[in-house]
Amino acid sequence: MRWAMNRLALAITSMVALAFLVPLAVATRQIAHDRAVSDARQQATSLVTVLGVDADPTLLTNAVASTTAGSEGRLAVHLPDVGDIGVSHTSEAQLTIAAQDRRSALAPVAGGIVYLQPTVLTDGRTVIVEVFVPDAELTRGVWTAWFVLGGLAIVLVAGSILFADRLGSRVVRATRELSGSARKLGAGELNTRVEPDGPRELRDAAKAFNTMADDLSNLLERERELAADLSHRLRTPLTALRLDAEAMPPGPIGERMRQACDLLDEELEAIIKGARLGVAARGKEQTDLVEVLADRLAFWSVLAEDQERPWQVVGGDEPVMLPIPRSELIGVVDAMLGNVFSHTPERVAFRVSVSPAGLLVDDAGPGIPDPARAVQRGVSGAGSTGLGLDIVRRAAEQSGGEMVIARSPLGGARVGIYLQSPAVAPVRPRRSRRTAS
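Below, the structure is looked at part by part. (Residues numbered from 1 in each chain as written. Predicted model: local features only at pLDDT ≥ 70, side-chain atom pairs only at ≥ 80, totals over all residues. Heavy atoms only, no water.)

### Focus on the overall build of the chain
Then step 1. When helices and strands are counted, the chain shows 14 helices and 13 strands.
Then step 2. Looking at the chain residue by residue over its 437 residues, the buried ones come to 39%.
Then step 3. Contacts in the chain between residues at least 24 apart in sequence constitute 64% of all its contacts with a sequence separation of at least 6. (Helix = DSSP H or I, 4+ residues; strand = E, 2+ residues; numbered from the N terminus. Buried < 20%, exposed > 50% of the residue type's maximum accessible area, 1.4 Å probe, protein only. Contact = heavy atoms within 4.5 Å.)

### So, the pairing of strand 10 (residues 358-363)
Then step 1. Of all 6 residues in strand 10, 6 are buried, a share of seventy percent or more.
Then step 2. Residue alternation in strand 10 divides its side chains into two sets, Gly358, Leu360 and Asp362 and Leu359, Val361 and Asp363, and both sets are buried.
Then step 3. In the sheet, strand 9 (residues 350-355) pairs with strand 10 via 6 bridges, with the strands oriented antiparallel. Counterpart to serine 353 in the pairing with strand 10 is leucine 360.
Then step 4. Where strand 9 folds back on strand 10, the antiparallel hairpin that results is connected by 2 residues.
Then step 5. Where strand 10 lies against strand 12 (residues 413-418), 5 bridges are found, and the strand directions are antiparallel. When the sheet's bridge partners are listed, glycine 358 is paired in strand 12 with tyrosine 418. (Pairing = 2+ DSSP bridges.)

### Let's talk about the environment of isoleucine 330
Then step 1. Assignment of secondary structure puts isoleucine 330 in helix 12 (residues 326-343).
Then step 2. Residue isoleucine 330 is classed as buried on the basis of its relative accessible area, which comes to 5%.
Then step 3. For isoleucine 330 and glutamate 267, which are 63 residues apart along the polypeptide, the C-alpha to C-alpha distance reads 8.4 Å.

### A word on unusual backbone geometry
Then step 1. In this structure, arginine 102 takes a positive phi of about 55 degrees despite not being glycine.
Then step 2. Within the secondary structure, arginine 102 sits in the loop between helix 4 (92-101) and strand 3 (105-109).
Then step 3. If you check the backbone angles, arginine 347 has positive phi at about 70 degrees while not being a glycine.
Then step 4. In this structure, arginine 347 sits in the loop between helix 12 and strand 9.

### Concerning the nonpolar core
Then step 1. The biggest cluster of nonpolar side chains holds 34 residues, and the ones touching the most others in it are Leu289, Leu337, Phe350 and Leu359.
Then step 2. In terms of residue count, the dominant contributor to this core is helix 12 (9 residues).
Then step 3. Sequence-distant contacts of leucine 337, defined by excluding residues within four places in its chain, comprise Leu297, Trp300, Phe350, Val352 and Val361.
Then step 4. Within the second largest apolar cluster, 22 residues are counted, among which are Ala36, Ala69, Tyr115 and Val127. (Core = buried A, V, L, I, M, F, W, Y, C linked by side-chain atoms within 4.5 Å.)

### Thoughts on a nonpolar patch on the surface
Then step 1. Side chains of Leu8, Ile12, Met15, Val16, Phe20 and Leu24 sit close together on the surface and give an oily, nonpolar patch of about 610 Å² of accessible area.
Then step 2. On the secondary structure map, valine 16 appears in helix 1 (residues 2-53).
Then step 3. Looking at valine 16, the relative accessible area reads 44%, which means it is partly exposed. (Patch = residues over 30% accessible without salt bridge, like charges linked within 9 Å, V, L, I, M, F, W, Y side chains within 5 Å. Areas by Shrake-Rupley, 256 points an atom, 1.4 Å probe, with all protein chains shown as cover. Salt bridge = Lys/Arg side-chain N within 4 Å of Asp/Glu carboxyl O.)

### Remarks on the sheet that holds strand 1 (residues 75-79)
Then step 1. Taken in spatial order, the 5 strands line up as 2-1-5-4-3 in an open sheet, and their pairing is antiparallel. Of all the strands in the sheet, just strand 2 (83-86) and strand 3 have a single pairing partner and so form its edges. Looking at each pair of strands side by side, their axes are set apart by 25 degrees on average, direction ignored.
Then step 2. Summarising the sheet, strand 1 and strand 5 (residues 126-134) pair through 4 bridges and their orientation is antiparallel. Directly across from valine 77, in strand 5, lies its bridge partner valine 129. (Axes fitted to C-alpha atoms, helices over the stretch in contact; angles between N-to-C directions.)

### Regarding helix 6 (residues 142-186)
Then step 1. When the terminal C-alpha atoms of helix 6 are compared, their 64 Å separation across 45 residues agrees well with the 66 Å that a helix rising 1.5 Å per residue should span.
Then step 2. One or two residues past the end of helix 6 sits glycine 188, with phi positive at roughly 110 degrees. (Expected span 1.5 Å × (residues − 1).)

### Structural notes on the pattern of salt bridges
Then step 1. All chains considered together, the criterion is met by 14 salt bridges.
Then step 2. Linking glutamate 291 and arginine 326 is a salt bridge whose minimum nitrogen-to-oxygen distance equals 3.9 Å. Separated by 35 residues along the polypeptide, glutamate 291 in helix 11 (residues 289-306) and arginine 326 in helix 12 bring together distant segments of the chain.
Then step 3. Residue glutamate 291 is classed as partly exposed on the basis of its relative accessible area of 43%.
Then step 4. Relative accessible area serves as the criterion here: at 25%, arginine 326 is assigned to the partly exposed category.
Then step 5. One salt bridge in this structure joins arginine 394 and aspartate 390, with 3.2 Å as the shortest N-O distance. Here aspartate 390 and arginine 394 lie together in helix 14 (residues 387-398), a separation of 4 residues that amounts to about one turn.
Then step 6. Overall, arginine 394 belongs to the partly exposed group, its relative accessible area being 40%.
Then step 7. A network of salt bridges, in which partner residues are shared, links Asp390, Arg393, Arg394 and Glu397.

### Remarks on helix 11
Then step 1. Its 18 residues give helix 11 an end-to-end C-alpha distance of 26 Å, which sits within 8% of 26 Å, the value for a rise of 1.5 Å per residue.
Then step 2. Of all the bends in helix 11, the largest measures some 30 degrees and sits at alanine 298.
Then step 3. Burial in helix 11 covers these residues: Leu289, Val290, Val292, Leu293, Arg296, Leu297, Trp300, Ser301, Val302 and Ala304.
Then step 4. Two to three positions downstream of the cap, the backbone nitrogen of valine 290 sits 3.1 Å from a side-chain oxygen, assigning the N-cap of helix 11 to aspartate 288.
Then step 5. Glutamate 308 sits one or two residues past helix 11 and shows a positive phi near 55 degrees. (Bend = angle between axes of the 7 residues up to and from the residue. Polar contact = N/O pair within 3.5 Å; in protein donor to acceptor, adjacent residues only side chain to side chain.)

Right under this line is the structure:
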């Protein structure tokens, strides 16, 4: 936009400058020509005055020498029967025509022009006064005037381009700030605002953007509050469930129920705290994927033992920080692990691989025949709504990676998140655990 405005200013100013400078240049040349001819006419007239007083050759010789043109060898007097006084530059034919017409005339000669002024003496003889005007005199001062006009044109064009560039930079700066803020808002920086600047239309757009950002932040805040309230309302049935679990006699089933109640209470507490953080704080929150995975495997391992599922964890030697709130990352891990327990028979093995390259969950089940359909809400089939895998997909996009659904090396399905290129080197097993089959 800035370059376009500069080119437009250059084109317009150049056309305006040419429209004025070309006529001025022609007029300047004509003025110099007329000035030189007028000077020649004055000097010829002064000689005609002398001729009217006395046509003595000696007197005329002194009069010619006393003039500027005569001293420079550019003035001559043609007397009949006497000869030429001074230096002549014209031809006999031009003199004959001037004598016959008996009126002043300009005639071209080599190196310039001559001004011929005929006059009639008292005795009836026709005398012609000749003044030679060289080309240098005809164009004296023209080049200087053209140089000044050209410099003025350059200054005007440069000034207009500079003004257009300053104006364009202001518009471009305001536009870039607005577009950059829009990208930041889309990336999750909900506290991004724009300082209105530039033309009125851009200022109005900036104000509208700020209003939209405020409304979006308020909407998300209300949604977070609603999530926190709903999670808090689940405390009542959880309390009743806990009382029933406490009333169960000692044994494996009662212990698992009490453990599940404790884990569920912790998750509800994490959801409530995370929702109450606010949009701005949550946008800067980062969570260790390895830590969350270890916590969730402590829950799912109980169910795996109950279903006699062999399972294995690969990797996890170093933290993997993701720009996702802890409560949301817990939902992602639960969705990936729950997909195994929901869609594979008991005793089917699964493997979890975690590294800076991403998180993969492989199973030895029947697999996913239609990966594209599996992430569609409400139409994934196999008795599923597709919400779990959709949560995984959105988390992958939020982390700057991509979701993968493919055939597992174990023969079943592979569901995961690639945070880096999938061509990275395989991770080394950190720990593994298998239940008795």
